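Listed below are the residues making up each chain.
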Amino acid sequence: MCRLLAYRGTPIIMDELLYKPNNSLIHQSFQAREIEEPLNGDGFGVGWYAPEVNYEPVTFVSVNPAWSNRNLRNLAPKIRTECMVAHVRAASVGEVSESNCHPFQYRNLLMAHNGGIEQFPLVKRKLREPLSDELYNWIKGQTDSEHIFAYLLHTLFTRHQTISPEAVADAFEHTFRHIKELLKVSGISDAAYLNMVFTNGLFIVATRYCSDPKEEPLTLYHSEGSRYVVEDGVTRLEAPEDDDHAVLVVSEKLTDGKQWSLIPSNHMVIVEQSLNVRIRPIHD
């Protein structure tokens, strides 16, 4: 399994989220707290938006462990962004390569995944069949995650005319129903764990989902407030300055505290462009 983080709000220095908290994403790369396997050292990736330069995000991925990457350590204190997605990988499906590192980017869209589909090769061909030539050829890696993203995009583009939070939420539901059907047809009894985060730089949709309702999904939290400040490893919310506001979605709480809310099982959190936050059940 893996660990992920998504941020949307008042521009923040990347270092404030990746390194400074007590349980930062970099710390989770070698000592995750809320998953059986604490090591996530099979590469990492960060995607962030700089809309004043280009509407498409910047992505930086590497097969090196996040905790020892000099480039990331040097860049993080010097990049300010209002929307970012970061991920540290524990490889399950697919070799350790840059093409298998999250977040995956399609045009101005980013997606990262924590979880997996057991016996993925049994459903891989069926998941790819409906894809357009463009989406089929866009897939560069071997992971179940990238294939799920491609199918999600196929669903979004064929069923909706615009990319909105509700359209993405509906596309997630359709995708999860399709995956459940493929598991059934293929005789796979193992549950699929699908904690996923999607953004276009303006809004975020993230899911906490397991295909078997009797199983508990992997952890996913959100936190919202006026302004994030990290001091001595502790994250706290302070009174706003001007129009400050921000939302975080994370696999693990970055610090101890009451500001983190566990997203209910088989629900999604929608962070709108206005930064209004809604929790919506996943109807599969």
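Residue positions within a chain follow its written sequence, with the count starting from 1. Predicted model: local features are reported for residues with pLDDT of at least 70 only, side-chain atom pairs are reported and counted for 80 or more only, and whole-chain, interface and lining totals are derived from all residues. Values reported for side chains reflect all heavy atoms of the structure, with hydrogen atoms and water molecules removed beforehand.

Enquirer: What am I meant to see in the overall build of the protein here?
Expert: Only DSSP runs of H or I with at least four residues qualify as helices, and only runs of E with at least two residues qualify as strands; both kinds are numbered from the N terminus onward. Across its full length, the protein holds 7 helices and 15 strands. The reference for a compact globule is 2.2 Å times residues^0.38; the radius of gyration itself is calculated from the C-alpha atoms. Here the protein has a C-alpha radius of gyration of 18 Å; the compact-globule value for 284 residues is 19 Å, and the two agree. By residue count, 57% of the 284 residues in the protein fall in the buried class. Across the protein, every contact between residues at least 6 apart in sequence was considered, and the portion connecting residues at least 24 apart equals 68%. Type-normalised accessible area, obtained with a 1.4 Å probe on protein chains alone, sets the label of each residue: buried when under 20%, exposed when over 50%, and partly exposed for intermediate values. By definition in these notes, contact holds between two residues if any of their heavy atoms fall within 4.5 Å.

Enquirer: Teacher, can you tell me more about the packing of aromatic side chains here?
Expert: Here a ring pair, both rings aromatic, is described through the centre-centre distance and the interplanar angle of the planes. Only the six-membered ring of Trp is used, alongside the rings of Phe and Tyr, when aromatic pairs are assigned; centres must lie within 6.5 Å, and planes under 30 degrees apart are stacked while those over 60 apart are edge-to-face, with the rest tilted. With the rule as written, the count across this model stands at 9 aromatic pairs. The interplanar angle of 75 degrees and the centroid separation of 5.5 Å between the aromatic rings of W138 and F149 together place this pair among those described as edge-to-face. A residue pair is termed long-range when its members are at least 10 positions apart, and W138 in helix α5 (residues 133-138) and F149 in helix α6 (residues 144-159) qualify at 11 residues. Judged by relative accessible area, W138 falls into the buried class, the value being 14%.

Enquirer: So what exactly am I meant to see when it comes to the pairing of strand β7 (residues 193-199) here?
Expert: Consecutive side chains along a regular strand alternate between the two faces of the sheet. Burial analysis of β7 places 7 of its 7 residues in the buried class, which makes it a mostly covered element. Neither face of β7 is left uncovered, since the one carrying Y193, N195, V197 and T199 and the one carrying L194, M196 and F198 both have all their residues buried. When DSSP finds two or more bridges between two strands, those strands count as paired. Inspection of the sheet shows strand β6 (residues 109-116) paired to β7 by 7 bridges, in the antiparallel sense. Within β7, the position partnered with L110 by the bridge is T199.

Enquirer: Which parts of the structure should I look at to understand the nonpolar core?
Expert: Soluble, globular proteins show a tendency: their nonpolar side chains are buried together. If you look at the biggest cluster of nonpolar residues, it comprises 39 residues, and the most contacted ones within it are I117, F149, F172, I179, L194 and F198. For this core, the elements supplying multiple residues, two or more each, are β5 (104-106), β6, α4 (121-128), α5, α6, α7 (165-185), β7 and β14 (267-271). A total of 9 residues in this core trace back to one element, the largest contributor, which is α7. Setting aside its immediate chain neighbours within four residues, L194 contacts H113, N114, I117, I148, F176, I179, T207 and Y209. If you look at the next biggest cluster of nonpolar residues, it comprises 26 residues, including L25, V46, F60 and A76. Each nonpolar core is a collection of buried residues, namely Ala, Val, Leu, Ile, Met, Phe, Trp, Tyr and Cys, held together in the definition by side-chain atoms within 4.5 Å.

Enquirer: Would you mind showing me how to read the packing of α4 against α6 here?
Expert: Helix packing geometry: the angle between the two helix axes and the distance between the axes. Fitting a line to C-alpha atoms yields each axis, with helices limited to the stretch in contact; the angle taken between N-to-C directions then spans 0 to 180 degrees. Running from N to C, α4 and α6 point in directions that differ by 25 degrees, and their axes come no closer than 10 Å. Here α4 is positioned roughly parallel relative to α6, judged by the angle of their axes. Seen from above, α4 lies across α6 with left-handed handedness. In contact with K124, L127 and R128 of α4, α6 contributes H147, I148 and Y151. Looking at the contact of α4 with α6 residue by residue, the class counts come to 3 nonpolar, 1 polar and 2 charged. In this scheme, roughly parallel covers angles under 35 degrees and roughly antiparallel covers those over 145, while 65 to 115 is roughly perpendicular and the rest are oblique. Note on convention: the crossing is left-handed when the near helix lies turned anticlockwise from the far helix by less than a right angle, right-handed when the turn is clockwise. Here the nonpolar group is Ala, Val, Leu, Ile, Met, Phe, Trp, Tyr, Cys and Pro; Asp, Glu, Lys and Arg are the charged ones; every other residue, Gly included, is treated as polar.

Enquirer: Which parts of the structure should I look at to understand the sheet that holds strand β1 (residues 3-13)?
Expert: Where strands meet in a sheet, backbone hydrogen bonds hold them as pairs that are either parallel or antiparallel. Spatial strand order, β3-β2-β4-β1-β12-β9-β13: 7 strands in an open sheet with antiparallel pairing. If you trace the sheet from one side to the other, it starts and ends with β3 (54-62) and β13 (261-262), each paired once. Strand direction decides the pairing type here: strand β2 (residues 44-50) and β3, joined by 6 bridges, are antiparallel. Across the sheet, the residue bridging to A50 is N54, located in β3.

Enquirer: Please explain the sheet that holds β7 as it appears in this structure.
Expert: Reading across from one edge, β5-β6-β7-β8-β14-β15 is the order of the 6 strands in this open sheet, with antiparallel pairing throughout. Every interior strand has two partners, whereas the edge strands, β5 and β15 (277-281), have only one. Ignoring strand direction, the axes of neighbouring strands in this sheet form an average angle of 20 degrees. Summarising the sheet, β14 and β15 pair through 5 bridges and their orientation is antiparallel. Following the sheet pairing, I270 is matched in β15 by R278. Where α6 meets the sheet, it contacts β5, β6 and β7, and its direction lies at approximately 130 degrees from that of β6.

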